[in-house]
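Now for the letters of each chain:
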Amino acid sequence: MRFKTLSIHAGQHPDATYGAVITPIYQTSTFAFRGADNPPPFDYSRSGNPTRKALEDCIAALEGGKYGFAFGTGMAAETTFFAMYGPGDHLIVHDDLYGGTYRLLTKVIRQKGVAVDFVNLRDLDALRKTIRKETKCIWLETPTNPLMNLLDLESIARIAKQHGIVTACDNTFCSPYFQRPLDFGIDVVMHSTTKYLNGHSDIVGGALITNDDDLGKQIAFLLNAMGTCAGPMDCFLVLRGIKTLAVRMEEHNANALEIAHWLEKNPKVEIVLHPGLESHPQHALAKKQMKGYGGTFSFKVKGGRDEAFRLVSNTKLFQLAISLGGVESLIEHPWTMTHSSMPEDARAAAGITHNLIRVSVGIEDIADLIEDLEHAFTHV
Ligand SMILES: Cc1ncc(COP(=O)(O)O)c(C=O)c1O
């Protein structure tokens, strides 16, 4: 089956009892045994739940993976993944990524005795030089949040394989509709399903997907041992959201690209960071490994914090809010909002400046969105 068909059908079958076409919400903690030595297919919802299994199988199919796992949040997925590593292990992490991932690694994972090096992974020589015999994992995010830098999935996966290192990629921004890291040799894909996969800003959730039997076993064990799973109601909502993923992503992509072109011509804008623009330094790589660009990107207004604040405070349709990937448009100021958990020097080193603004372009009418920005720019 092809992507659009999988997004509606993968992992889902008419309910055996009543034939419900849509996967029911199995809102139960436990399941009755048919006899002391005759357990049901699911026995306890932390270990497994039919609604969650439908979502896990669907997400795995969309990413081209054998095993999918659904978590309570994107951060729960990451926490479970990083629990595979312990004292003496070394992780290499891209130096420009979601602030919450940075906080987890620097404030929690390092405290367990795991060494974490943040490296600019666009520089493959720097990656090669940082690898040591204790290196167990390379963690990527592409495009990066919020700077929209890209990492070369195929090259990084090749280098990692030469050294027996696991690669994991946060694929939240693109969703599997526009980018499938496993196809380029990456071992594990991570999602904040809170974003495009669910698409309606009404749950938080996360996912991990892999093709590797051993990693699949370890993640399944940790999910159950740590209890980081998603609840049935949230799984139902993500499963419903995924049914329209393809059509939503096309609309997000078209709207965002049009706004990016419009901003590029705006004299009050210093630079637009969008991999679909020919001005993006990695546009060729974008075309190689992405089928589209999604709805989230960033730009810098001319000036500093005051100009940025005036812009984000004067939109009406674009709500001033963190998060992204919902049908409604959002605008935010990474320095003070999404990335405030990173130390100032780390923000500055990554290139997150006071005049940087991130938008998550929704699927409203493009003319209304541009009018809204046009009006807000009159205050800058
Ligand atoms: C790229 C990326 N990864 C991970 C996360 C964390 O996901 P969650 O908020 O669902 O825990 C986010 C949240 O904004 C994100 O943008």
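This report concerns the structure included in the present document.

Another point: the pattern of salt bridges. The full count for this structure, using the stated rule, is 13 salt bridges. In this structure, D57 and K53 form a salt bridge, with 2.9 Å as the shortest nitrogen-oxygen distance. Note that D57 and K53 are positioned in helix α2 (residues 50-63) at a spacing of four residues, about one turn of the helix. Bridged by salt links that share partners, the residues R132, K133 and E134 form one connected network.

Of all residues adjacent to the ligand, which total 14 residues, the nearest are M75, D170, S192, T194 and K195. In the environment of the ligand, an oxygen atom lies 2.8 Å from a nitrogen or oxygen atom belonging to the side chain of S192. Here the ligand, which alone exposes 390 Å², has 91% of that area covered by the protein. Spatially, the ligand is embedded in the largest pocket. Breaking the shell around the ligand down by element, the ones donating at least two residues are α3 (74-82) and β6 (188-192).

Of all the seven residues making up strand β4 (residues 135-141), six are buried; the element is thus mostly covered by neighbouring parts of the structure. Inspection of the sheet shows strand β2 (residues 90-94) paired to β4 by four bridges, in the parallel sense. Residue pairing across strands places L91 opposite C137, the latter belonging to β4. Inspection of the sheet shows β4 paired to strand β5 (residues 166-170) by five bridges, in the parallel sense. In the sheet register, I138 faces β5, and the bridge partner there is T167. Following the backbone out of β4, through helix α6 (residues 153-162) and into the adjacent parallel β5, one traces a crossover that is right-handed.

Pairing is mixed in the open sheet, where seven strands are placed in the order β1-β7-β6-β5-β4-β2-β3. The open sheet is flanked by β1 (67-71) and β3 (115-119), the only strands paired with a single partner. This sheet shows a mean twist of 20 degrees between the axes of neighbouring strands, independent of strand direction. Along the sheet face, helix α4 (residues 99-109) touches β2, β3 and β4 and points at about 150 degrees away from the line of β3.

Attention now moves to the packing of helix α10 (residues 245-264) against helix α14 (residues 366-377). For the pair α10 and α14, the least separation of the axes is 10 Å and the interaxial angle reads 35 degrees. The two elements α10 and α14 cross, and the hand of that crossing is right-handed. Together, N255, E258, I259, W262 and L263 of α10 and I366, L369, I370, L373, E374 and F377 of α14 make up the contact between the two elements.

Here the bond from T142 into P143 is cis, since omega is -5 degrees, no more than 30 degrees from zero. Looking at where P143 falls in the secondary structure, it is placed in the loop between β4 and α6. Positive phi values are uncommon outside glycine, yet S323 reaches one of about 80 degrees. With respect to the secondary-structure elements, S323 resides in the loop between β10 (319-320) and β11 (330-332). With a relative accessible area of 26%, S323 lands in the partly exposed category.

On to helix α9 (residues 232-242), then. For α9, the buried fraction is high: eight of the 11 residues fall into the buried class. Among all positions in α9, only P232, C235, F236, L237, V238, L239, G241 and I242 are buried. The secondary structure elements touched by the buried residues of α9 are α1 (3-9), α2, β1 and α10.

Now for the nonpolar core. In terms of nonpolar packing, the biggest core is built from 99 residues, with F81, L91, I259, F297 and F299 touching the most fellow members. The leading source of residues in this core is α10, at eight residues. Apart from the residues within four sequence positions on either side, F297 is in contact with M148, A256, I259, A260, L263, V272, L273, H274, I357, R358, V359 and V361. Grouped together as the second largest cluster of nonpolar side chains are 17 residues, I156, I165, C169 and F184 included.

Turning next to a negative patch on the surface. A cluster of acidic side chains, namely D365, D368, E371 and E374, defines a negative patch on the protein surface. With a relative accessible area of 48%, D365 lands in the partly exposed category.

Taken as a whole, this structure holds 10 aromatic pairs when the rule is applied. Measuring from ring centre to ring centre gives 6.1 Å for F31 and F42, while their planes differ by 40 degrees; the resulting arrangement is tilted. Of the two residues, F31 sits in the loop between α1 and α2 while F42 sits in the loop between α1 and α2, which places them 11 residues apart along the sequence. Pairing F82 with W139 gives two aromatic rings, centres 4.9 Å apart and planes at 45 degrees, and the pair type is tilted. Here the residue F82 occupies a position in helix α3, and W139 occupies one in strand β4, the gap between them amounting to 57 residues. In this structure an aromatic cluster arises from ring pairing among F81, F82, Y85 and W139. Directly above the aromatic system of W335 lies the positively charged group of R347, at a separation of 4.3 Å from the ring centroid.

Turning our eyes to something else, we now look at the layout of surface pockets. Taken as a whole, the largest pocket holds about 530 Å³ of empty space. Lining the largest pocket are 30 residues, and of these Y98, S192, T194, K195 and S323 lie nearest its centre. Elements represented by at least two residues in the lining of the largest pocket include exactly α3, α4 and β6. Among the residues making up the lining of the largest pocket, the classes are represented as 10 nonpolar, 13 polar and seven charged. Its volume calculated, the second largest pocket comes out at about 260 Å³.

Parameters and conventions
- Each chain carries its own residue numbering, running from 1 in the direction its sequence is written.
- This being a predicted model, a pLDDT of at least 70 is required before a residue's local features are given, and a value of 80 or more before pairs of side-chain atoms are given or counted; all residues contribute to the totals for chains, interfaces and linings.
- As a rule here, side-chain values cover all heavy atoms of the structure and leave hydrogens and water aside.
- Basic side-chain nitrogens of Lys or Arg form a salt bridge, by our definition, when they fall within 4 Å of a carboxyl oxygen of Asp or Glu.
- Going along the chain from the N terminus, every DSSP run of H or I of four or more residues is numbered as a helix, and every run of E of two or more is numbered as a strand.
- We call a residue near a molecule or strand as soon as one heavy atom of that residue lies within 4 Å of the molecule or strand.
- N or O atoms within 3.5 Å of each other form a polar contact, as long as, within protein, one can give a hydrogen and the other can take it, and as long as residues adjacent in sequence are counted only when both atoms are side-chain atoms.
- Areas reported here follow the Shrake-Rupley algorithm with a probe of radius 1.4 Å; residue values treat only the protein chains shown as occluding.
- A cavity, in this analysis, means grid points on a 1 Å lattice covering only the protein atoms where a 1.4 Å probe fits yet has no way out; a pocket is instead an open set bounded by protein on both sides within 12 Å along at least five of seven lines, and a residue lines either one if it has an atom within 4 Å of a point.
- Pocket occupancy is defined atom-wise: a molecule lies in a cavity or pocket when more than half of its atoms are within 2 Å of its grid points.
- The rule is simple: take the accessible area with a 1.4 Å probe, protein chains only, and divide by the maximum for that residue type; under 20% is buried, over 50% is exposed, in between is partly exposed.
- Strands are labelled as partners when DSSP assigns at least two bridges between them.
- The handedness of a crossover follows from its direction of travel: if, with the strands pointing away from the viewer, the path from the first strand over the helix to the second runs clockwise, the crossover is right-handed.
- Inter-axis angles, ranging from 0 to 180 degrees, are taken between N-to-C directions of lines fitted to C-alpha atoms, where helices are fitted over the stretch in contact.
- In this analysis, two residues are considered to be in contact whenever any of their non-hydrogen atoms come within 4.5 Å of each other.
- In this scheme, a crossing is called left-handed if the near helix is turned counterclockwise away from the far one by less than a right angle; it is called right-handed if the turn is clockwise.
- The criterion is simple. A nonpolar core is a set of buried Ala, Val, Leu, Ile, Met, Phe, Trp, Tyr and Cys residues joined through side-chain atoms within 4.5 Å.
- Only residues whose relative accessible area exceeds 30% and that take part in no salt bridge are eligible for patches, with like-charged residues grouped when within 9 Å of each other and nonpolar side chains (Val, Leu, Ile, Met, Phe, Trp, Tyr) grouped when within 5 Å.
- Under the convention used here, Asp and Glu are negative, Lys and Arg are positive, and both His and the chain ends fall outside the count.
- Here the site of a charge means atom NZ of a Lys, CZ of an Arg, CG of an Asp or CD of a Glu.
- Any pair of Phe, Tyr and Trp rings, taking the six-membered ring for Trp, is counted once the centres come within 6.5 Å. Such a pair is stacked with planes under 30 degrees apart, edge-to-face with planes over 60 apart, and tilted for the rest.
- Two conditions define a charge sitting above a ring: the NZ of Lys or the CZ of Arg must be within 6 Å of the ring centre, and it must be within 35 degrees of the ring normal.
- Grid points are joined across faces, edges and corners, and a volume is the space filled by probe spheres set on the points.
- Charged residues are taken to be Asp, Glu, Lys and Arg, nonpolar residues to be Ala, Val, Leu, Ile, Met, Phe, Trp, Tyr, Cys and Pro, and polar residues to be all remaining types, Gly included.

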